[in-house]
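Now for the letters of each chain:
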Amino acid sequence: MKQDSDLRNNLKSIRTRLGMSQQDLANIASVTRQTISGVESGQYAPSVAITLRLAKALGCQVEDLFWLERDLPEIEAVLAKPVSNGQQLRVSMARVGGQWIAYPLIGKDAFRQDMIPADGESTSQTGTNKVRVRLLDDNLDTLHNTVVIAGCAPVISLWARATERWHPQLRVQYNFANSMAALHSLCRGEAHIAGMHLYDPETGEYNTPFVRDVLAGKEAVLITLGVWEEGLLLKSGNPMGIRTVTDLVSLGATIVNREIGSGSRMLLEQTLQKEQIPFHAVQGFDNILKNHQDVAQAILGGVVDAGVSTASVATAFGLGFIPLHQSRYDLVILKEYLEVAPVQQLLSTLGHRLVHSQFEILGGYDISKIGEVVATV
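Residues numbered from 1 in each chain as written. Predicted model: local features only at pLDDT ≥ 70, side-chain atom pairs only at ≥ 80, totals over all residues. Heavy atoms only, no water.

Asks: Explain unusual backbone geometry to me, using residue names and the numbers behind them.
Replies: In this structure, S30 is a non-glycine residue whose phi angle is positive, near 60°. Residue placement: S30 occurs in the loop between α2 (22-29) and α3 (33-41). Residue classification places S30 among the exposed positions, given a relative accessible area of 55%. Positive phi is not limited to glycine here, since N238 has a value of about 50°. (Helix = DSSP H or I, 4+ residues; strand = E, 2+ residues; numbered from the N terminus. Buried < 20%, exposed > 50% of the residue type's maximum accessible area, 1.4 Å probe, protein only.)

See the structure below:
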């Protein structure tokens, strides 16, 4: 029978994963090798009887082998970041503020410790920042039950995984972004929650002045996730004897910095200005890395002598630490999202003991005010 143009199969991938040749499968399923070849190439649509034999031979369901392309929904989504025109993408999807957002899984955004599964594949670009996305399955409930957090705190992923244990139908998507980038992502409607830790020395306030500035005209609440110690990460044992930022210059230490918009960079700049040390006097000030883990790895690998991060990151990597400042990490949420059920489920777990214990054993976190609304704008 000639292949139906909408019929798709992954017979070859399942067969090869099981270490079977076409002839091996043909023998078990009592068909010819040419039949297997025709099905895999899309030139032949098997009968119901052959379909059942193949599924039985491979130990799977028929639906695991065959599906109709037209059965998978296609939706229009707004791209969370610009990509090359016409570039085919793996994307993760979520519903934010009444519209679908597609998060390109490119480069580091496609990985944590393992590769992130995609929800869909872009089929065409319908505008400057819009794409048609063919979903890889029809489970729209998962996408509707996805909460998107943009931020840079490693504890967010711990919070997310703990939450998913209590609410198996909830999915938390954590998009890495520095504090200002996360806030702008929230403003653009790409996230439900933005995490940030920025200090304004003029007002003595954490985060709120920056939220007022970026979210002008939008109502939001700030909920505290915790207060963390920020400071200088150093090689284990502190072989150079670094005690202050002044020592970075006097001892000729090399550092790695963070990008503009990050709380760590802002802390370094504010501390240097307080000590009246020119930025250019610090070796490596313009060497940029994009996250706390990369800063720690650069020090651990002996590439640089120091960098700014948190006490918990220092503990996780076995590095030395000189505290400089205590910074409040807040979750910024638009008021319109507070009534969204998945967001409510996520926030409700801030009072759970397992979440608290995950934070506490990291060290360097004060969670005595976790879950408190500290400001409204």
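Structure's up, so let's keep going.
Asks: Tell me about the packing of helix α7 (residues 155-166) against helix α15 (residues 353-360), residues and numbers included.
Replies: Put simply, α7 and α15 touch, their axes get as near as 10 Å, and they point 155° apart. Classified by the interaxial angle, the pair formed by α7 and α15 is roughly antiparallel. The two elements α7 and α15 cross, and the hand of that crossing is right-handed. Touching V155, L158, W159, A162, R165 and W166 of α7 are L354, V355, Q358 and F359, all from α15. Of the residues belonging to the contact of α7 with α15, the class tally is 8 nonpolar, 1 polar and 1 charged. (Axes fitted to C-alpha atoms, helices over the stretch in contact; angles between N-to-C directions. Parallel < 35°, antiparallel > 145°, perpendicular 65-115°, else oblique. Left-handed = near helix turned anticlockwise from the far one by under 90°. Contact = heavy atoms within 4.5 Å. Nonpolar A, V, L, I, M, F, W, Y, C, P; charged D, E, K, R; others polar.)

Asks: Would you mind going over the pattern of salt bridges in detail, with residue names and values included?
Replies: According to the stated counting rule, one finds 12 salt bridges in the structure shown. E76 is the partner of K130 in a salt bridge, and the nearest nitrogen-oxygen pair spans 3.9 Å. Residue K130 is found in strand β7 (residues 130-135), and its partner E76 is found in strand β3 (residues 74-79); the two are separated by 54 residues along the sequence. We classify K130 as partly exposed; its relative accessible area is 32%. Close ionic contact of D119 with R171 constitutes a salt bridge, the shortest N to O distance being 2.9 Å. Highlighted residues: D119 in the loop between β5 (99-104) and β6 (120-127) and R171 in strand β9 (residues 171-176), separated in sequence by 52 residues. Here D119 falls in the buried class, since its relative accessible area comes to 14%. (Salt bridge = Lys/Arg side-chain N within 4 Å of Asp/Glu carboxyl O.)

Asks: Which residues make up the nonpolar core, and what values go with them?
Replies: Within the largest apolar cluster, 56 residues are counted, with the highest numbers of intra-cluster contacts made by W159, L215, L225 and V332. The biggest single contributor to this core is strand β13 (residues 220-234), with 6 residues. Residues in contact with V332, not counting those within four places in the same chain, are L183, L186, H192, I193, A194, M196, V211, L215, A220, V221 and L222. (Core = buried A, V, L, I, M, F, W, Y, C linked by side-chain atoms within 4.5 Å.)

Asks: Describe the pairing of β7, listing the residues and the values that go with them.
Replies: Where β3 meets β7, 5 bridges bridge the pair, whose relative direction is antiparallel. Counterpart to E74 in the pairing with β7 is R134. Strand direction decides the pairing type here: β6 and β7, joined by 6 bridges, are antiparallel. Considered in β7, the bridge of G127 is made with K130. Between β6 and β7, which pair antiparallel one after the other, the connecting turn spans 2 residues. (Pairing = 2+ DSSP bridges.)

Asks: Give a description of the packing of aromatic side chains that names residues and reports values.
Replies: Using the criterion set out here, one finds 4 aromatic pairs in the structure. Arranged with centres 5.1 Å apart and planes meeting at 65°, the rings of W228 and Y329 form a pair that is edge-to-face. Residue W228 is located in strand β13, and its partner Y329 is located in strand β17 (residues 320-334); the two are separated by 101 residues in the primary sequence. Note on accessibility: W228 and Y329 belong to one class, buried. Ring geometry for W228 against Y365: centres 5.7 Å apart, planes inclined by 55°, an arrangement best described as tilted. Of the two residues, W228 is situated in strand β13 and Y365 in strand β18 (residues 365-366); the sequence distance between them amounts to 137 residues. (Phe/Tyr/Trp six-rings, centres within 6.5 Å; stacked < 30°, edge-to-face > 60°.)

Asks: Can you break down the packing of α2 against helix α4 (residues 48-58) residue by residue, with the values?
Replies: Two elements in contact, α2 and α4, have axes separated by 9 Å at closest approach and are oriented at 110°. With respect to α4, the axis of α2 lies roughly perpendicular. Every pair of crossing elements has a handedness; the one defined by α2 and α4 is right-handed. On the side of α2, the interface is formed by L25, I28 and A29, while α4 contributes R53, L54, A57 and L58.

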